Amino acid sequence: MTTERGSDPGQPETSSLVILGASGDLTSRLLLPALGQLLTDQPKRRVQLLGAGVEPWTDDHWRSVVRTSFGAREAAGPAVETLLDATVYFAADVTDPQELTTILSACIGRPAVYFALPPMVSARTIAALKEIELPEGTVLALEKPFGSDHQSAAALNAQLTRLVPEDQIDRVDHFLGNSTVFNLVGLRFANRIFEPLWNSQHIERVDIVYDETLALEGRARYYDNAGALRDMIQSHLLLVMAVLAMEPPSRIGTGDIREAMGAVLRATRLWGDSAAVSSRRAVYDAGTVDGRPIPAYADEPGVNPARNTETLAEATFAIDSWRWAGVPFTLRSGKALGEKRREIVVRFKPAQHIPIGLTGAAEPAKLRIFLGPDAMSLELNINGPGDPLTIDRTEMTAEFGPGALLAYGEILAGILDGKPSLSVRGEAAVELWRIVTPILDSWDRDEVPLETYPAGSA
Ligand code: BG6
């Protein structure tokens, strides 16, 4: 449809990006800066941008909002200018079929409709879209949370596939937009040294940690109903685990990766089938992060302490497959912690036999893959300096460098090109809920205590 980088320099086809919820925070904070960066990086791309939102903005006001967000990334060039000249805004009720028809009929290219909307509004908009005829090839892009449990995710899938085919539905996960995924694919499958060891015979355990120093940041309306398990483990970290654990795909850019990830998720269950044994939850108390005083989560505006929402969740999963039987995968994420720690740690098993006569603690080798900024380190045992009979620890490190695009830039490129190769497939979205349901149920029954930690602690 649209031209790709480096392809035919002739007249590129225009694609139309329709943002529903254009006056909201997601649009100005994440989508527009990423779009500006994408257009600067790919100046031949032609995108018609249509914003629709509840605010009674004029086209001029909208254009200034877009310009400001683009400015944050120093966006410039012909693709940016063309977009700015023609962008329009609809002050509209996006749950009204008539108004949606008006917006869609203003599209000059194949529309990609981005739902930057709260889930309740998205559901009503999807129902309204059923009433109208969608232009050929329309792509629908939905943000998390995709449903609120496996039944509602399955029902949402059924509704969406009545509108457009599955390959025109993009369930957005910005972690998959990250170049991190491709870094993992390259590291695992473009070297012969890791993949032969990538199994339960050689790997002891895997930890995926995403600790944030950010606290609630005024997001109580969403977060107090979500909590860390849904916000991070269900939505993001299980997908990172799926990339790490998947079987080798044959090709990039087809369904291979999504299929391989789906197989991992289908095989995943709670370790020991017991949330009491395999999960932990906690909430932050008042404290200090980076010198900033942080109130207790329960005292944050908009929080209802009776909901017992966790701001830190940890869960261990098993993957029932030949490759991974017996290897625990522990996923953890917390907010308002003392330090940002975002990494995958692959711990190998100990060497079968260390020659008698070598001394010193020989902790098994460890591969650490850091997420944003992407880097890796391989911790190994060597004889090192000094006494040649003593084992020392050494670390080989490498930085992957930033990707060409922001995560949301990669996502938008996929949506505009109709190639949502890394977005979450319908079936996987249901599996993600299936996997965490026993934990949510057990926490509802109060079988796992809600611990507390001071904001800023480790
Ligand atoms: C979002 C979560 O999806 O991901 C946030 O809703 C979280 O709570 C964020 O902070 C983390 O991703 P990133 O890329 O901002 O580090």
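Residues numbered from 1 in each chain as written. Predicted model: local features only at pLDDT ≥ 70, side-chain atom pairs only at ≥ 80, totals over all residues. Heavy atoms only, no water.

### Let's talk about the overall build of the protein
For step 1, the next point in the chain: Check the secondary structure of the protein and you find 13 helices and 18 strands.
For step 2, the next point in the chain: For the protein, whose C-alpha radius of gyration is 24 Å, the value lies close to the compact-globule estimate of 23 Å for 458 residues.
For step 3, the next point in the chain: Dimensions of the protein, computed from C-alpha atoms along their principal axes, come out at roughly 80 × 55 × 45 Å.
For step 4, the next point in the chain: When the 458 residues of the protein are sorted by exposure, 52% land in the buried category.
For step 5, the next point in the chain: Restricting the contact set of the protein to residue pairs at least 6 apart, pairs at least 24 apart contribute 78%.
For step 6, the next point in the chain: Accessible area of the protein: about 20,500 Å², with a carbon and sulfur share of 53%. (Helix = DSSP H or I, 4+ residues; strand = E, 2+ residues; numbered from the N terminus. Rg over C-alpha atoms; globule rule 2.2 N^0.38 Å. Buried < 20%, exposed > 50% of the residue type's maximum accessible area, 1.4 Å probe, protein only. Contact = heavy atoms within 4.5 Å. Areas by Shrake-Rupley, 256 points an atom, 1.4 Å probe, with all protein chains shown as cover.)

### What about the site of the ligand?
For step 1, the next point in the chain: Around the ligand lies a shell formed by Lys144, His174, Phe175, Tyr210, Glu212, Arg219, Asp231, Met232, His236, Lys335 and Arg342.
For step 2, the next point in the chain: Between glutamate 212 and the ligand, the recorded distance is 2.6 Å, taken from a side-chain N or O atom to an oxygen atom.
For step 3, the next point in the chain: One of the side-chain N or O atoms of histidine 236 is found 2.7 Å from an oxygen atom in the ligand.
For step 4, the next point in the chain: Elements supplying a minimum of two residues to the shell around the ligand: helix H7 (174-177) and helix H9 (220-245).
For step 5, the next point in the chain: With 3 residues, H9 is the largest single contributor of residues to the shell around the ligand.
For step 6, the next point in the chain: Taken together, the residues of the shell around the ligand break down into 3 nonpolar, 2 polar and 6 charged. (Near = heavy atom within 4 Å. Polar contact = N/O pair within 3.5 Å; in protein donor to acceptor, adjacent residues only side chain to side chain. Nonpolar A, V, L, I, M, F, W, Y, C, P; charged D, E, K, R; others polar.)

### Here's the deal with the environment of glycine 227
For step 1, the next point in the chain: The residue glycine 227 is located in helix H9 in this model.
For step 2, the next point in the chain: On the accessibility criterion, glycine 227 (0% relative accessible area) is buried.
For step 3, the next point in the chain: The spacing of glycine 227 and arginine 67 is 160 residues in sequence and 34 Å in space, taken between C-alpha atoms.
For step 4, the next point in the chain: Not counting residues within four places of it along the chain, the set of residues in contact with glycine 227 comprises Thr309 and Glu310.

### What about the packing of helix H1 (residues 25-41) against helix H2 (residues 59-71)?
For step 1, the next point in the chain: Between H1 and H2, whose axes approach to 8 Å, the crossing angle comes to 70°. In terms of orientation, H1 and H2 fall into the roughly perpendicular class. Contacts between H1 and H2 involve Thr27, Ser28, Leu32, Pro33, Leu35, Gly36 and Leu39 from the first element and Trp62, Val65, Val66, Ser69 and Phe70 from the second. (Axes fitted to C-alpha atoms, helices over the stretch in contact; angles between N-to-C directions. Parallel < 35°, antiparallel > 145°, perpendicular 65-115°, else oblique.)

### Some points on the nonpolar core
For step 1, the next point in the chain: Counting residues in each nonpolar core, the largest one holds 107 residues, and the members touching the most others are Leu238, Phe329, Ile344 and Leu367.
For step 2, the next point in the chain: Tallying contributions element by element places H9 first for this core, with 15 residues.
For step 3, the next point in the chain: When neighbours within four sequence positions are excluded, isoleucine 344 is seen to be in contact with Leu184, Val206, Asp207, Ile208, Val240, Leu244, Leu367, Arg368, Ile369 and Leu371.
For step 4, the next point in the chain: By size, the runner-up hydrophobic cluster in this structure holds 35 residues, among which are Leu31, Val80, Tyr89 and Ala112. (Core = buried A, V, L, I, M, F, W, Y, C linked by side-chain atoms within 4.5 Å.)

### Observations concerning the sheet that holds strand S6 (residues 169-171)
For step 1, the next point in the chain: The 6 strands lie next to each other as S3-S2-S1-S4-S5-S6, forming an open sheet whose pairing is parallel. In this open sheet, the two edge strands, each paired with only one partner strand, are strand S3 (88-91) and S6. Strand after strand, the sheet turns through a mean of 20° between neighbouring axes, direction not considered.
For step 2, the next point in the chain: Relative to S3, strand S2 (residues 46-53) runs parallel, the two sharing 4 bridges. Considered in S3, the bridge of alanine 52 is made with phenylalanine 90.
For step 3, the next point in the chain: The strands touched by H1 are strand S1 (14-20), S2 and strand S4 (110-115); relative to S1, the strand with the most contacts, the crossing angle is about 170°.
For step 4, the next point in the chain: Where helix H5 (residues 119-129) meets the sheet, its contacts fall on S1, S4 and strand S5 (139-142), and the angle it forms with S4 comes to roughly 150°. (Pairing = 2+ DSSP bridges.)

### Some words on the packing of aromatic side chains
For step 1, the next point in the chain: Inspection of the entire model under this criterion finds 9 aromatic pairs.
For step 2, the next point in the chain: Each ring, one from phenylalanine 175 and one from tyrosine 210, has its centre 4.9 Å from the other, and the planes form 55°; the classification is tilted. Of this pair, phenylalanine 175 sits in helix H7 while tyrosine 210 sits in strand S7 (residues 203-211), and the two are 35 residues apart along the sequence.
For step 3, the next point in the chain: An angle of 75° between the planes, with centres 6.5 Å apart, marks the rings of phenylalanine 194 and tryptophan 198 as edge-to-face.
For step 4, the next point in the chain: For phenylalanine 194, a relative accessible area of 8% gives the class buried.
For step 5, the next point in the chain: Residue classification places tryptophan 198 among the buried residues on the basis of a relative accessible area of 1%.
For step 6, the next point in the chain: Aromatic rings pair up to connect Tyr222, Tyr223, Tyr284, Tyr297 and Tyr453 into one cluster. (Phe/Tyr/Trp six-rings, centres within 6.5 Å; stacked < 30°, edge-to-face > 60°.)

### Here we look at H5
For step 1, the next point in the chain: Along H5, the residues that are buried comprise Ser122, Thr125, Ile126, Ala128 and Leu129. Looking down the long axis of H5, one finds its buried residues gathered within 160° of arc, a one-sided arrangement. Exposed and facing more than 90 degrees away from the buried side of H5 are Met120 and Arg124.
For step 2, the next point in the chain: Those residues of H5 that are buried lie in contact with S1, helix H4 (97-105), S4, S5 and helix H6 (150-161). (Arc of directions from axis to C-beta.)

### As for unusual backbone geometry
Keep in mind that most residues, glycine aside, have a negative phi and that most peptide bonds are trans.
For step 1, the next point in the chain: Omega for the peptide link from lysine 144 to proline 145 comes to 0°, which places this bond in the cis form.
For step 2, the next point in the chain: For proline 145, the position within the fold is in the loop between S5 and H6.
For step 3, the next point in the chain: Non-glycine residue aspartate 290 carries a positive phi angle of around 50°.
For step 4, the next point in the chain: As for its placement among the helices and strands, aspartate 290 is situated in the loop between strand S10 (287-289) and strand S11 (292-294).
For step 5, the next point in the chain: Judged by relative accessible area, aspartate 290 falls into the exposed class, the value being 63%.

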